[in-house]
Amino acid sequence: MDKSGKLTELFFFKFSSDLVPSIMSNLLNPDAIFSNNEMSLSDIEIYGFDYDYTLVFYSKHLHTLIYNAARDLLINEHRYPAEIRKYDYDPNFAIRGLHYDVHRALLMKIDVKLVSHGHTMKQFMDIFSLPEMTLLSCVNEYFLKNNIDYEPVHLYKDVKDSIRDVHIKGIMYRAIEADIEKYICYAEQTRAVLAKLADHGKKMFLITNSPSSFVEKGMKFIVGKDWRDLFDVVIVQADKPSFFNDKRRPFRKVNEKGVLLWDKIHKLQKGQIYKQGNLYEFLKLTGWRGSKVLYFGDHIYSDLADLTLKHGWRTGAIIPELRSEIKIMNTEQYIQTMTWLQTLTGLLEHMQVHRDPDSQMILDEWKKERKEMREMTRNFFNSQFGSLFRTDQNPTYFLRRLSRFADIYMASLSCLLNYDPYYTFYPRRTPLQHELPTWSDQLCTGTFRIPFLQEMAQVK
């Protein structure tokens, strides 16, 4: 075995026997709530919710439905080649937070250093965007393979319009209503959360872009026929994010038959359903202002950004992908890989001063191994784009926006069941590059640095 092999074996033995068991005893809870800002639930009097992917979660079948319906619209209404039907939906292809370059027809995952190119980039922050991203790429691939000239901007617009029409024309809504058990899941958890909040005297409201009949059937399935009794205000077809900024649109009441009434609204009554409206009128009619309100949604921009920046509400982001990513991060294989990756990085940083041929040979081997391991860590999450939250050592743009606009975030509302209504969330102190390292960085620059250097000299 050469020197590089001996050193690698020595260091790997060190960290695997001492460090990995220690880390494995302190795993993250996938059902935990994580905080970006300090917030006490004892201060929260009113809880607000989005509907899709907040109160209601959908099965994997929904994205296939949206993809297939949008693909058919591209073919039938936009006259795209029928051969694109051979491309099926791949649930592992895309992740949220990707950007589409409208000039080069590329889907890409960027970190914060590339945001300056945003005028050519279209962001995909919505979970409903996953079928859209996949369809864009499939059609793009078909054109390239068949040497067909096309305009990426027009492709983006046609795909976007087709995805939109799946919603606007009611294709998605009718399919879910026709087989609600196939598409909706986690119903019992949502019921339990709402019941717990009601038992503690919290006021609750719902603001969603979905239509009234769709919400009515879904909530009856999730909560029960008396679901409206839990909510003080219910607003449908709100047209977020315009709802938070446009002061002109009035509220209209929707009767039991789904008919829109034209009476002027002087009060938002419990048990009724209202359509459209705007947040300024909502605040005027309810008086629910400031940090006593906590609103949950899955879309960082449409649900959370304006409430944080303009209205002072507290915000909670629902990130379903979080649970699966934490479960991956808790596996021994991932912990071993990441710990060894950190160790290699530290070794490269400190040993690069040695310029002799033997040392350079070892450093080259370590660089090669580090590159391979970085690729491996990406593939743990998604073979195309890696983690939703990180690109190598950099936080993704998605995570930066999440940190900016959400006070707390979690995988689902069911995580609230693990906390009492007086719990205070405290954010972790994340060290800056010039501050003292955290425990994980000790692998590179702290406790294990001197012994490693001493034993390296012995191997030589």
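Not measured: the values here are computed from a predicted model.

Of regular secondary structure, the protein possesses 17 helices and 18 strands. For the protein, buried positions account for 51% of its 460 residues. For the protein, restricting intrachain contacts to residue pairs at least 6 apart in sequence, the fraction spanning at least 24 positions comes to 77%. Summing over all exposed atoms, the protein offers an accessible surface of approximately 22,700 Å²; the carbon and sulfur share of this is 49%.

Let us look at the environment of leucine 307. When you line up the elements, leucine 307 lands in helix 11 (residues 300-311). Since its relative accessible area comes to 0%, leucine 307 is described here as buried.

Before going further, it helps to spend a moment on the UniProt feature "binding site: Mg(2+)" (unreviewed entry) in the protein. According to UniProt, the feature "binding site: Mg(2+)" (unreviewed entry) maps to Asp50 and Asp298 in the numbering used here. Spatial clustering of the annotated residues is evident: they stretch over 249 residues in sequence, but the largest pairwise C-alpha distance comes to 7.7 Å. Residues from the annotated list that form part of the lining of the second largest pocket: Asp50 and Asp298. Looking at aspartate 50, the relative accessible area reads 6%, which means it is buried. Beyond its immediate chain neighbours, meaning those up to four positions away, aspartate 50 contacts Leu55, Leu206, Ile207, Thr208, Lys240, Tyr295, Phe296, Gly297, Asp298 and Asp303. Structurally, aspartate 298 is set in the loop between strand 13 (293-297) and helix 11.

The next thing to look at is the sheet that holds strand 9 (residues 203-207). Pairing is mixed across the open sheet formed by nine strands, whose spatial order is 1-17-14-13-3-9-10-12-11. Each edge of the open sheet carries a strand with a single partner, namely strand 1 (34-35) and strand 11 (251-254). Where strand 1 meets strand 17 (residues 408-410), two bridges bridge the pair, whose relative direction is antiparallel. Among the inter-strand pairings, serine 35 is bridged to a residue of strand 17, identified as isoleucine 408.

With that out of the way, let us pick up the packing of helix 13 (residues 332-351) against helix 14 (residues 357-381). Helix-helix packing: each pair is described by the crossing angle between the helix axes and the interaxial distance. Following both chains from N to C, one finds helix 13 and helix 14 inclined at 150°, their axes separated by 9 Å at the closest point. The pairing of helix 13 with helix 14 is recorded here as roughly antiparallel in orientation. Of the two elements, helix 13 crosses helix 14, and the hand of that crossing is left-handed. Of the residues in helix 14, those touching helix 13 at Gln333, Tyr334, Thr337, Met338, Trp340, Leu341, Leu344, Thr345, Leu347, Leu348 and Met351 are Leu363, Trp366, Lys367, Glu369, Arg370, Met373, Arg374, Met376, Thr377, Phe380 and Phe381. Grouping the constituent residues of the contact of helix 13 with helix 14 by class yields 14 nonpolar, four polar and four charged.

This part takes up the layout of surface pockets. Estimates place the volume of the second largest pocket at around 1,000 Å³. Those elements giving two or more residues to the lining of the second largest pocket turn out to be strand 7 (121-123), helix 4 (129-145), helix 5 (152-168), helix 6 (171-178) and helix 11. For the lining of the second largest pocket, the element with the most residues is helix 5, which contributes seven residues. Looking at the lining of the second largest pocket, its residues break down into 10 nonpolar, 10 polar and 12 charged.

The next point concerns the side chain of asparagine 330. In this fold, asparagine 330 is placed in the loop between helix 12 (321-329) and helix 13. A relative accessible area of 15% means that asparagine 330 is categorised as buried. A polar side-chain atom of asparagine 330 sits 2.7 Å from the main-chain carbonyl oxygen of leucine 28.

The sites that UniProt annotates as "binding site: GMP" (unreviewed entry) are Asp52. By relative accessible area, which is 10% here, aspartate 52 ends up buried. If sequence neighbours within four positions are ignored, aspartate 52 has contacts with Tyr58, Phe128, Thr208, Ser210, Phe214 and Asp298.

Scanning the model with the defined rule gives 20 salt bridges in all. Salt-bridge contacts for aspartate 50 lead to lysine 240; the nearest nitrogen and oxygen are separated by 2.9 Å. In this pair, aspartate 50 sits in the loop between strand 3 (46-49) and strand 4 (57-58) while lysine 240 sits in the loop between strand 10 (233-236) and strand 11, placing the two residues 190 residues apart along the sequence. An identical accessibility class is assigned to aspartate 50 and lysine 240; each is buried. Several salt bridges share partner residues, and in doing so they unite Lys157, Asp161, Arg164 and Asp165 into one network.

What counts and what doesn't
Residues numbered from 1 in each chain as written. Predicted model: local features only at pLDDT ≥ 70, side-chain atom pairs only at ≥ 80, totals over all residues. Heavy atoms only, no water. Helix = DSSP H or I, 4+ residues; strand = E, 2+ residues; numbered from the N terminus. Buried < 20%, exposed > 50% of the residue type's maximum accessible area, 1.4 Å probe, protein only. Contact = heavy atoms within 4.5 Å. Areas by Shrake-Rupley, 256 points an atom, 1.4 Å probe, with all protein chains shown as cover. UniProt positions renumbered as here; feature names shortened; annotations may be inferred. 1 Å grid on protein atoms, 1.4 Å probe; cavity = no way out; pocket = protein on both sides within 12 Å on 5 of 7 lines; lining within 4 Å. Pairing = 2+ DSSP bridges. Axes fitted to C-alpha atoms, helices over the stretch in contact; angles between N-to-C directions. Parallel < 35°, antiparallel > 145°, perpendicular 65-115°, else oblique. Left-handed = near helix turned anticlockwise from the far one by under 90°. Nonpolar A, V, L, I, M, F, W, Y, C, P; charged D, E, K, R; others polar. Points joined across faces, edges and corners; volume = space filled by probe spheres on them. Polar contact = N/O pair within 3.5 Å; in protein donor to acceptor, adjacent residues only side chain to side chain. Salt bridge = Lys/Arg side-chain N within 4 Å of Asp/Glu carboxyl O.

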